[in-house]
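One-letter residues, chain by chain:
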Amino acid sequence: MGDRTLLQVTGLVKSFPLGGGFLKKPSGWVRAVDGVSFTVARGESFGLVGESGCGKTTLGRLILRLMEPTSGRVTFDGKDIFAMPRTELLQLRRRMQIIFQDPYSSLDPRMKVEAIVTEPLRATSNRTRSQRRRVAAEILEKVGLRAGDLDKYPHEFSGGQRQRIGVARALCVRPDLIVADEPVSALDVSIQAQVINLLGDLQEEMELAYVFISHDLSVVEHVCDRIAVMYLGSIMELAPTVEFIRQPRHPYTEALLKAVPFPDPHRRSEPVLLEGDVPSPVDPPTGCPFHPRCAYCFDRCRREKPSSEEIEPDHWTACWLNSGRGLEGEQT
Ligand code: SF4
């Protein structure tokens, strides 16, 4: 593990039972996360994109140990978070925070902003109330609100301001890593840019690492140093952002990029190549999970699942077209 590595995810799997119940065996299993591996460096912004139901939110929750995995490992600063006793995990929580998607439902309407923002601080430190209030006031100003807002309730704020309160809550304990789960998708487009710029400024100032989860590639492109694209629980491609955007090597990434209306006048947006819906994870396709929608699908794709391979330094794809073994073994 390199010195700069903060988070390491290795072969992570999460399956959910189907049906079943008390004394009843489940009728099957859904693999929401299917053997995912990647690392995040200190101060890095790592983007996880994919369509709804691809497993990205479950992955975010596993990273924070908000749920237990079926198998696999997550280490934070070299420590295995799933092997940690609860007391140690509580201390670790100070260093890993989450920003939720919905600024309306994620803030308790009965609590004042002071109580909301200082909540993680109460759980992880022995500071007095006046010390906590001072920290909260400083953080509120950092996110573009005022110290006087500490005595207000969430309903007194707009959606963008509420999301700033959510950001302040995450920052209050000075974390090293923030999992931002669709942090701007519930906001108006005009407000989205403000919150994204705020997250970028805070990252520089506080040397924060982000795992930025979004269905919107244009948002992730704006914020992230590297991007991974997920499909049916697996990572299809992972690369530094510039390479990911300019030279996608996986057919799924290529199709997603063609669907994005980039504001650059020199770039042409082409018609969407993606046809059909994401198959149900309850009954995933055999072979490559993307094969029923892939324009390049050949026989081997239907039979065998390609594993992720590093095709250039720090550029990974899971596709037979890029594999050293390529068409080898193909029956024609
Ligand atoms: Fe398409 Fe085959 Fe590559 Fe899957 S492995 S993305 S089906 S070409």
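Attention here is on the structure that accompanies the text. (Residues numbered from 1 in each chain as written. Predicted model: local features only at pLDDT ≥ 70, side-chain atom pairs only at ≥ 80, totals over all residues. Heavy atoms only, no water.)

Describing helix α5 (residues 129–142)
The criterion, for reference: Strands here mean DSSP runs of E at least two residues long; helices mean DSSP runs of H or I at least four residues long; both are numbered from the N terminus. Expected span of a helix, by definition, is 1.5 Å for each gap between consecutive residues, and there is one gap fewer than residues. Residue exposure (1.4 Å probe, protein chains only): buried if accessible area is under 20% of the type maximum, exposed if over 50%, otherwise partly exposed. Only heavy atoms matter for contacts: two residues are in contact if any of them lie within 4.5 Å across the pair.
For α5, with 14 residues, the first-to-last C-alpha span of 20 Å sits near the 20 Å given by 1.5 Å per residue. Along α5, the residues classified as buried are Arg132, Val135, Ala136, Ala137, Ile139 and Leu140. At its buried positions, α5 is contacted by α3 (113–117), α4 (119–124) and α6 (159–171). Positive phi shows up at Gly144, right after α5, with a value of about 90°.

What to know about the site of the ligand
Rule in force here: Near residues are defined by distance, with any heavy atom within 4 Å of the molecule or strand qualifying the residue. Points on a 1 Å grid over protein atoms alone make up a cavity when a 1.4 Å probe fits among them but cannot get out, and a pocket when they form an open set with protein on both sides within 12 Å along at least five of seven lines; lining residues each have an atom within 4 Å of a point. What decides whether a molecule sits in a cavity or pocket is whether more than half of its atoms lie within 2 Å of the grid points. Here the term charged refers only to Asp, Glu, Lys and Arg, the term nonpolar to Ala, Val, Leu, Ile, Met, Phe, Trp, Tyr, Cys and Pro, and the term polar to all other amino acids, Gly among them.
Looking at the ligand, the residues that line it are His250, Pro251, Cys288, Phe290, His291, Cys294, Tyr296, Cys301, Pro306, Cys319, Trp320 and Leu321. Under a 2 Å grid-point criterion requiring more than half of the atoms, the pocket assigned to the ligand is the largest cavity. For the shell around the ligand, the per-class residue count stands at 10 nonpolar, 2 polar and no charged.

Points about unusual backbone geometry
At Asp77, a residue that is not glycine, the phi angle is positive and equals roughly 55°. On the basis of relative accessibility, which here comes to 33%, the residue Asp77 falls in the partly exposed class. Non-glycine residue Arg174 carries a positive phi angle of around 55°.

Re the nonpolar core
Rules: Here the nonpolar core consists of buried residues drawn from Ala, Val, Leu, Ile, Met, Phe, Trp, Tyr and Cys, with membership extended through side-chain atoms lying within 4.5 Å.
Core analysis: the biggest nonpolar cluster contains 62 residues, and Val143, Leu171 and Leu202 have the highest contact counts within it. Counting 33 residues, the second largest nonpolar core, distinct from the first, contains Leu6, Val74, Met84 and Met96.

Considerations on the packing of aromatic side chains
Any two aromatic rings considered together are summarised by their centre-to-centre distance and by the angle between their planes. What counts is decided by this rule: Stacked, edge-to-face and tilted labels apply to pairs of Phe, Tyr and Trp rings (six-membered ring for Trp) whose centres lie within 6.5 Å, assigned for plane angles under 30 degrees, over 60, and everything in between, in that order.
Scanning the entire structure with this criterion turns up 4 aromatic pairs. With a centroid separation of 4.5 Å and 5° between ring planes, the pair formed by Phe38 and Phe46 is classed as stacked. Comparing Phe38 with Phe46, the two get one shared label, buried. Ring geometry for Tyr252 and Phe290: centres 5.0 Å apart, planes at 55°, overall tilted. Of this pair, Tyr252 sits in helix α10 (residues 251–258) while Phe290 sits in the loop between α10 and α11 (299–303); the two residues are 38 residues apart in sequence, bridging distant segments of the chain. On the basis of relative accessibility, which here comes to 0%, the residue Tyr252 falls in the buried class. These aromatic residues form a ring-pair network of at least three members: Tyr231, Tyr252 and Phe290.

Some points on the pattern of salt bridges
Condition: Here, a salt bridge means any Lys or Arg side-chain nitrogen found within 4 Å of an Asp or Glu carboxyl oxygen.
Considering all chains together, one arrives at 28 salt bridges under this definition. Residue Glu182 is joined to Lys56 by a salt bridge in which the shortest nitrogen-to-oxygen separation is 3.9 Å. One end of the pair, Glu182, is in the loop between β7 (177–181) and α7 (189–206); the other, Lys56, is in helix α1 (residues 56–63), and 126 residues separate them in sequence. Residues Glu68 and Arg86 are paired through a salt bridge, measuring 3.5 Å at the closest nitrogen-oxygen approach. Pair noted here: Glu68 is in the loop between α1 and β4 (71–76) and Arg86 is in helix α2 (residues 86–93), with a separation of 18 residues, a long-range link. According to the relative accessible area criterion, Glu68 is partly exposed, its value standing at 32%. Under the relative-accessibility criterion, Arg86 is labelled exposed at 53%. One salt-bridge network, held together by shared partners, links Arg42, Asp77, Arg95 and Asp176.

What to know about the packing of α6 against α7
Counted only if it meets this: Simply put, an axis is a line fit to the C-alpha atoms, just over the touching stretch for a helix, and the angle between two N-to-C directions goes from 0 to 180 degrees. For classification, angles of less than 35 degrees are called roughly parallel, those exceeding 145 degrees roughly antiparallel, those between 65 and 115 degrees roughly perpendicular, and all remaining angles oblique. By convention, the crossing between two helices is left-handed when the near helix turns anticlockwise from the far helix through less than a right angle, and right-handed when the turn is clockwise.
Between α6 and α7, whose axes approach to 10 Å, the crossing angle comes to 20°. Viewed along their axes, α6 and α7 adopt a mutual orientation that is roughly parallel. The two elements α6 and α7 meet at a crossing, and its hand is right-handed. The segment α6 lies against α7, with Gly160, Gln163, Arg164, Val167 and Leu171 engaging Ile191, Gln194, Val195, Leu198, Leu199, Leu202 and Met206. Residues of the contact of α6 with α7, tallied by class, amount to 8 nonpolar, 3 polar and 1 charged.

All quantities given are derived from atomic positions and should not be read as evidence of function.
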